[in-house]
Amino acid sequence: MLTGKKIIIGVTGSIAAYKAALLVRLLRKAEAEVRVVLTPGAEQFVRALTFTNLSQHPAFTGLWDGDWTEHVHLGAWADLLVVAPATANTLAKLATGLCDNALTAVYLAAKCPTLVAPAMDADMYIHPTTKRNLKQLSDDGVTVMESGHGFLASGLHGPGRMPEPEEIVEAIVHALTPKPLRGKRVLISAGPTREYLDPVRFLSNGSTGTMGYALAREAHRLGAEVTLVSGRVTPPLDLPFAPVFVTSTQNMYAEITARAAEQHIIVMAAAVGDYAPRAFSENKIKKGEGDLTLPLRRTPDILRHLGGIKPEGQILVGFALETQNETANAHRKLEAKNLDYIVLNSLRDAGAGFGPSTNKITLINRKGEETRYPTKAKPAVARDILDTIINDLQL
């Protein structure tokens, strides 16, 4: 997603400057073009030569180094300026327009958006002056990342940690992704449900939630206001916003139906249990001598219910994981549940279904038209699904 993107990394005088080296490495690995600008304070922590080697371009360190108009050329060249770490001192300069080094000059000359990742001691971060400067930058259109919370170089514990390089890369991708879903509310379900027999045992399935989380992450990048209703996934999956966690199918039904009417798009990617134990035992069921017969009851059919109450203009997407008669079963589900799209994947296809980082889908629309995709990484599959919706809605 970052191939060919032109990104300036501004590095300032913080102990977190060493993390900027990893950030540049991650961006280069993602095939972005990177130029690095250092303040004099940054060079007290990491030498310019390090960034020159990592970026494969000379680091820009001083207004009087080489071409004195370099700040103008860089400002016109870039798709995004990222200041990471951004110290309290540099944030104050950016907020007030002070121009006394290469980085502040590039900021004032830049024609592209700017993203800052604050890094400083906790007391500095919560100081009213810093908060005022951050607000001013935000009002000016700068994307301000929240600082991390944890152990600081001073020995204190609190806010002010620079976000991790991987988090900054995610923020960069978000900043550089077009926003055709801006103003749209999108609800996505993900992961497995659990139906408990007793305090320690439950019925569930092998869903890892990765497909639903990829959809949520991509919808967020595309500008949507995303609600993710998720079963418990292990290990926890990272998102730039907090999911609504549920356990049972009934829990998921309640959370989704309470929000359904206000959504523009609903994508039901969760692996919802169809049956639950008829009764729950307050104590652990002890092993007996013979077989155990377990009476089951039907759980709510969330997708069918959503299809029945779907307001005009809402897009409803379902998933069908099949093992036989795949296409016929998917078409029946599409019609029976009043869906606009159904995403079909088969456990008979290598790289599809629960577990793998890839998926292989056929996307079927309301007219019954089928689009078959090759095996792809799940984030790319998520983009295919959302791009189809965007194109059909002409957003």
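Up top is the structure these notes are about.
None of the values given here were measured: they were computed from a predicted structure.

Criteria and thresholds
Residues numbered from 1 in each chain as written. Predicted model: local features only at pLDDT ≥ 70, side-chain atom pairs only at ≥ 80, totals over all residues. Heavy atoms only, no water. Helix = DSSP H or I, 4+ residues; strand = E, 2+ residues; numbered from the N terminus. Contact = heavy atoms within 4.5 Å. Areas by Shrake-Rupley, 256 points an atom, 1.4 Å probe, with all protein chains shown as cover. Lys, Arg positive; Asp, Glu negative; His and termini not counted. Charge placed at Lys NZ, Arg CZ, Asp CG, Glu CD. Pairing = 2+ DSSP bridges. Patch = residues over 30% accessible without salt bridge, like charges linked within 9 Å, V, L, I, M, F, W, Y side chains within 5 Å. Salt bridge = Lys/Arg side-chain N within 4 Å of Asp/Glu carboxyl O. Buried < 20%, exposed > 50% of the residue type's maximum accessible area, 1.4 Å probe, protein only. Polar contact = N/O pair within 3.5 Å; in protein donor to acceptor, adjacent residues only side chain to side chain. Axes fitted to C-alpha atoms, helices over the stretch in contact; angles between N-to-C directions. Parallel < 35°, antiparallel > 145°, perpendicular 65-115°, else oblique. Left-handed = near helix turned anticlockwise from the far one by under 90°. Nonpolar A, V, L, I, M, F, W, Y, C, P; charged D, E, K, R; others polar.

Trainee: Describe the overall build of the protein, and please don't skip the residues or the numbers.
Mentor: Counting secondary structure elements, the protein contains 13 helices and 21 strands. The dimensions of the protein, computed from C-alpha atoms along their principal axes, are 80 × 50 × 35 Å. For the protein, long-range pairs separated by at least 24 residues make up 67% of all intrachain contacts whose partners lie at least 6 apart in sequence. Accessible surface, the protein: about 19,200 Å² in total, of which carbon and sulfur atoms supply 51%. Counting 43 positive and 40 negative side-chain charges, the protein places the averaged centre of each group 3 Å from the other.

Trainee: If you had to explain the sheet that holds strand β12 (residues 244-245) to someone new, which residues and values would you point to?
Mentor: Judged by pairing direction, the sheet is mixed, and its eight strands sit side by side in the order β12-β11-β8-β13-β16-β17-β19-β20 without closing on themselves. Each of the sheet's edge strands pairs with one partner strand only, and the pair in question is β12 and β20 (370-372). Across four bridges, the pairing between strand β17 (residues 341-346) and strand β19 (residues 362-365) is antiparallel. Pairing of Leu 344 across the sheet is with Thr 362, part of β19.

Trainee: How would you sum up a nonpolar patch on the surface? Please name residues and give values.
Mentor: Taken together, the side chains of Leu 203, Tyr 275, Leu 294 and Leu 296 make up a nonpolar region of the molecular surface, amounting to roughly 320 Å² of accessible area. Of note, Leu 294 is situated in the loop between β14 (275-277) and β15 (296-298). For Leu 294, a relative accessible area of 32% gives the class partly exposed.

Trainee: A description of the side chain of Arg 35 should follow, citing residues and the corresponding values.
Mentor: As for its placement among the helices and strands, Arg 35 is situated in strand β2 (residues 33-38). No salt bridge forms around the buried Arg 35; measuring N to O, its nearest opposite-charge neighbour Glu 33 is 4.3 Å away. Here His 57 takes part through its side chain, which lies 3.0 Å from a polar atom of the side chain of Arg 35.

Trainee: Tell me what's going on with the packing of helix α10 (residues 249-259) against helix α11 (residues 302-309), and back it up with residues and numbers.
Mentor: Where α10 contacts α11, the axes come no closer than 10 Å and their chain directions differ by 20 degrees. Between α10 and α11, the angle falls in the class roughly parallel. For α10 against α11, the interelement crossing comes out right-handed. Of the residues in α11, those in contact with Thr 249, Met 252, Tyr 253, Ile 256 and Thr 257 of α10 are Ile 302, His 305 and Leu 306. Residue composition of the contact of α10 with α11, grouped by class: five nonpolar, three polar and no charged.

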